[in-house]
Amino acid sequence: WLPPLQVASHNPRIQKGADRDFDASTVMPLRDVPSGSVAAGLGEVHPAGNPHYLMDPRNGILLVRALAERLGQIEPEKAAGFRGRAESYANGLSRAIAGWESQLKPWKGRSVVTYHQGLTYLLAWIGASGEATLEERPGIPPSPDRVVKLVDAMKRSRARVILLESTEPQSLAQSVARQAGARWVVLPAEVDSIRGIRTYRQLWDEIVKRLKSVP
């Protein structure tokens, strides 16, 4: 929805590539980048790669530093202040990340099922592996046949946890978890996605808390 909105604004400074257009994905190590052309039948496959990069808190550091640099280019007289505050935030986030990583060590090597590919970055950060997604194709609800096959596969595998984000259908995950003898855990998808989460740090505190609750 964003590109048409930018064009319709008739504001040259916020058009793609202009100085007031900031695309954070350009400074991120993107995952799931398609190797070939993206056909419509494949579902919601993103040609540039998986856009859920902020589900790895380390990428929050890349974002705040890159944003400070861009703001400094727009207002050079304030550049030092932008960089200083960015570094202060980055340092605090780095310390928090070290603590979160220590708490999530039991997840290393764990096999899980997710609803969508939105948790790819999270799993890579904590060292867990995504065995499958409930969606057969990104953005397309699974068919009954897909659900039956996934339940059978989970019963034969080590995947005993389904992770999904708060913006995704929970009833289906609950049903699959019950049939497969697994647990299901809802994680907040972003700031303000659930009550009480108003900052990026609070988002990760809650994600870590919920992951720690899984035996």
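Below or above, wherever it landed, is the structure these notes cover.

Considering helix H7 (residues 200-212)
Its 13 residues place the ends of H7 18 Å apart at the C-alpha level, agreeing with the 18 Å of an ideal helix rising 1.5 Å per residue. Listed as buried for H7 are Tyr200, Leu203, Trp204, Glu206, Ile207, Val208 and Leu211. Packed against the buried residues of H7 are helix H2 (57-74), helix H3 (79-103), helix H4 (120-126), strand S3 (161-165) and strand S4 (183-187).

Overview of the packing of H2 against H3
Interhelical geometry of H2 versus H3 gives an angle of 180 degrees and a closest axis separation of 9 Å. Classified by the angle between their axes, H2 and H3 sit roughly antiparallel to one another. Where H2 approaches H3, its residues Pro57, Arg58, Gly60, Ile61, Val64, Arg65, Ala68, Glu69, Leu71 and Gly72 are matched on the opposing element by Ala79, Phe82, Arg83, Ala86, Glu87, Tyr89, Ala90, Leu93, Ser94, Ile97, Trp100 and Glu101. For the contact of H2 with H3, a count of residues per class yields 13 nonpolar, three polar and six charged.

Looking at the packing of aromatic side chains
With the rule as written, the count across this model stands at three aromatic pairs. Ring geometry for Trp100 and Trp204: centres 6.4 Å apart, planes at 35 degrees, overall tilted. With Trp100 in helix H3 and Trp204 in helix H7, the pair connects residues that are 104 residues apart, well separated along the chain. Here the two residues Trp100 and Trp204 agree in accessibility, since each one is buried. The structure contains a cluster of three or more aromatic residues connected by ring pairs, namely Trp100, Trp125, Tyr200 and Trp204. It is Arg110 that lies over the ring of Trp107; its NZ or CZ is 4.6 Å from the centre.

Rules and cut-offs
Here the residue numbers are simple positions, counted from 1 along each chain's written sequence. Only residues with pLDDT of 70 or above have their local features reported here, since the model is predicted, and side-chain atom pairs are shown and tallied only from 80 upward, although totals for entire chains, interfaces and linings are computed over all residues. Heavy atoms from the whole structure form the basis of all side-chain values; hydrogens and water molecules are not counted. The helix count covers DSSP runs of H or I at least four residues long, the strand count covers runs of E at least two residues long, and both are numbered beginning at the N terminus. Expected helix span is computed as 1.5 Å times (number of residues minus one). Residue exposure (1.4 Å probe, protein chains only): buried if accessible area is under 20% of the type maximum, exposed if over 50%, otherwise partly exposed. A contact between two residues is defined here by any heavy atoms of the two lying within 4.5 Å. Every angle, taken between N-to-C directions, lies between 0 and 180 degrees, and every axis is a line fitted to C-alpha atoms, over only the stretch in contact when it is a helix. Our angle categories are set so that under 35 degrees counts as roughly parallel, over 145 as roughly antiparallel, 65 to 115 as roughly perpendicular, and the remainder as oblique. Note on residue categories: nonpolar means Ala, Val, Leu, Ile, Met, Phe, Trp, Tyr, Cys or Pro, charged means Asp, Glu, Lys or Arg, and polar means any other residue, Gly included. In summary, the pairing rule links any two rings of Phe, Tyr or Trp, Trp by its six-membered ring, whose centres are within 6.5 Å, and it sorts them by plane angle into stacked for under 30 degrees, edge-to-face for over 60 and tilted for everything else. Our definition puts a charge over a ring when NZ of Lys or CZ of Arg is within 6 Å of the ring centre and also within 35 degrees of the ring normal.

Distances and angles like these do not, on their own, reveal function.
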